[in-house]
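Below are the chains, spelled out letter by letter.
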Amino acid sequence: ISHNSISTNSSFNHNEARWEVDPEELVLGEELGSGQFGMVLEARWREKRVAVKMVKEEAMSEDEFIEEAQVLTKLSHCKLVKLYGVCSQRNPPCLVLELMENGCLSDYLRARKGQLSPATLLVMCLDVSEAMAYLESLKIIHRDLAARNCLVSKNNEVKVSDFGMARYVPDDLYTCSMGSKFSIKWSAPEVIKYSKFSSKSDIWSFGVLMWEVFSEGRMPYEHNTNTEVVEALATGLRLLRPRLAPDALYLLMEGCWRQKPGDRPSFAVLLHELASL
Ligand SMILES: CN(C)c1ccc2c(c1)CCN(c1cccc(-c3cc(Nc4ccc(C(=O)N5CCOCC5)cn4)c(=O)n(C)c3)c1CO)C2=O
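Just so you know, these numbers come straight off a predicted model, no measurement behind them.

Reading the values: rules and limits
- Residues numbered from 1 in each chain as written.
- Predicted model: local features only at pLDDT ≥ 70, side-chain atom pairs only at ≥ 80, totals over all residues.
- Heavy atoms only, no water.
- Buried < 20%, exposed > 50% of the residue type's maximum accessible area, 1.4 Å probe, protein only.
- Helix = DSSP H or I, 4+ residues; strand = E, 2+ residues; numbered from the N terminus.
- Pairing = 2+ DSSP bridges.
- Salt bridge = Lys/Arg side-chain N within 4 Å of Asp/Glu carboxyl O.
- Axes fitted to C-alpha atoms, helices over the stretch in contact; angles between N-to-C directions.
- Parallel < 35°, antiparallel > 145°, perpendicular 65-115°, else oblique.
- Contact = heavy atoms within 4.5 Å.
- Nonpolar A, V, L, I, M, F, W, Y, C, P; charged D, E, K, R; others polar.
- Near = heavy atom within 4 Å.
- Polar contact = N/O pair within 3.5 Å; in protein donor to acceptor, adjacent residues only side chain to side chain.

## Here's the deal with the pairing of strand E4 (residues 83-87)
Part 1 of the reasoning: Taken across its 5 residues, E4 has 4 buried, putting it largely inside the fold.
Part 2 of the reasoning: With 4 bridges joining them, E4 and strand E5 (residues 94-98) adopt antiparallel strand pairing. Bridge assignment links Leu83 to a residue of E5, and that residue is Leu97.

This is the structure:
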């Protein structure tokens, strides 16, 4: 038996795993952009247009990647970007995802400034809250919910993407990005102080996401540094009501930004309140 027919580098034969995509079936196309883990390309797979996300080795260990992918392929919700499968026999390994033709929500909002009605903006918030209520029910924490991490389909539905992936970004990258600019403005106080992530810290981020949507993609606290934001939050200051947001909606946003995690609503409750606006 030739040595390479006995797979010594993994505990099972990938070909039989149903989450394994045969690289021969993937026809790679244009680049869609690049994220923390590497390049994302459009591709064709089994008559479908898909997105293929390369996963740079240094971003996460292969075992973590395969283990995570097994979990993510089991998740199914109309407002979560679907993971069809993984190609772990390729180098680098890649994720085969549902293609979201209109790209990320923050760019989409900015490109359509002045063209989206409050009713449309509310539906976007509802879409995200549905996906997050589903993740909450499965005790899955996103850790980096923001408009930049949501995607828009060709029929303008908003879906949540890259949930839970923040765990795999090398600490130095995230802490420095936490330190430098990225997620501080979306992070709950207990995350900033003690890295205490929960669905209640996701709710805080969702409040900021609702502010982004009704601000048509503006940067929250755009004239403040991270340090100024942390200090302002500690004194009770919060983001102001966006012009397009009804008072009743702004009340829900404020509920997401209560100091104590326990005082914030769950996604299940918030979804219900948004739907009745
Ligand atoms: C740790 N965290 C929170 C992470 C980790 C990785 C990533 C992210 C967060 C979020 C960003 N990201 C990332 C990077 C690159 C691509 C994708 C990305 C982009 C898609 N689609 C499109 C479609 C069109 C365009 C486009 O160019 N335009 C311009 C013209 O008008 C239409 C839109 C861009 N993206 C898509 O379907 N998926 C699944 C992923 C994604 C989303 O996946 C990541 O890869």
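Having seen the structure, we can now continue with the description.
## Description of the pattern of salt bridges
Part 1 of the reasoning: Per the counting criterion, the structure on display carries 13 salt bridges.
Part 2 of the reasoning: When the shortest N-O distance is used, the salt bridge between Lys159 and Glu98 registers 2.7 Å. With a gap of 61 residues between them, Lys159 in strand E7 (residues 158-160) and Glu98 in strand E5 connect regions that are remote in the sequence. Pair check on accessibility: Lys159 and Glu98 agree, each one buried.
Part 3 of the reasoning: In this structure, Asp144 engages Arg148 in a salt bridge whose closest nitrogen and oxygen atoms are separated by 3.1 Å.

## Some words on the packing of helix H6 (residues 199-214) against helix H9 (residues 267-275)
Part 1 of the reasoning: Contact geometry for H6 and H9: axes closest at 11 Å, N-to-C directions at 30°. With respect to each other, H6 and H9 are oriented roughly parallel. From H6, Ser199, Asp202, Ile203, Phe206 and Met210 reach across to H9, where they touch Phe267, Leu270 and Leu274.
Part 2 of the reasoning: Residues that form the contact of H6 with H9 fall into these classes: 6 nonpolar, 1 polar and 1 charged.

## Structural notes on the site of the ligand
Part 1 of the reasoning: As a structural note, the neighbourhood of the ligand is formed by 24 residues, with Lys53, Met100, Glu101, Asn149 and Asp162 the closest of them.
Part 2 of the reasoning: In this structure, an oxygen atom belonging to the ligand sits 2.8 Å away from a side-chain N or O atom of Lys53.
Part 3 of the reasoning: Here Asp162 contributes a side-chain N or O atom positioned 2.8 Å from an oxygen atom of the ligand.
Part 4 of the reasoning: Elements that contribute at least two residues to the shell around the ligand include exactly strand E1 (26-35) and strand E3 (48-54).
Part 5 of the reasoning: Its residues placed into classes, the shell around the ligand shows 11 nonpolar, 8 polar and 5 charged.

## Notes on the sheet that holds E4
Part 1 of the reasoning: Within the open sheet, the 5 strands sit side by side as E1-E2-E3-E5-E4. Their pairing is antiparallel. Strands at the two margins of the open sheet, each flanked by one partner only, are E1 and E4. In this sheet, neighbouring strand axes are inclined to one another by 25° on average, regardless of whether the strands run parallel or antiparallel.
Part 2 of the reasoning: In this structure, E1 lies alongside strand E2 (residues 38-45), joined through 7 bridges in antiparallel fashion.

## Section: unusual backbone geometry
Part 1 of the reasoning: Although it is not a glycine, Arg143 adopts a positive phi angle of roughly 80°.
Part 2 of the reasoning: The topology assignment puts Arg143 in the loop between helix H3 (118-137) and strand E6 (150-152).
Part 3 of the reasoning: The residue Ser195 is not glycine, and still its phi comes out positive at about 50°.
Part 4 of the reasoning: Following the sequence through the fold, Ser195 ends up in the loop between helix H5 (189-194) and H6.

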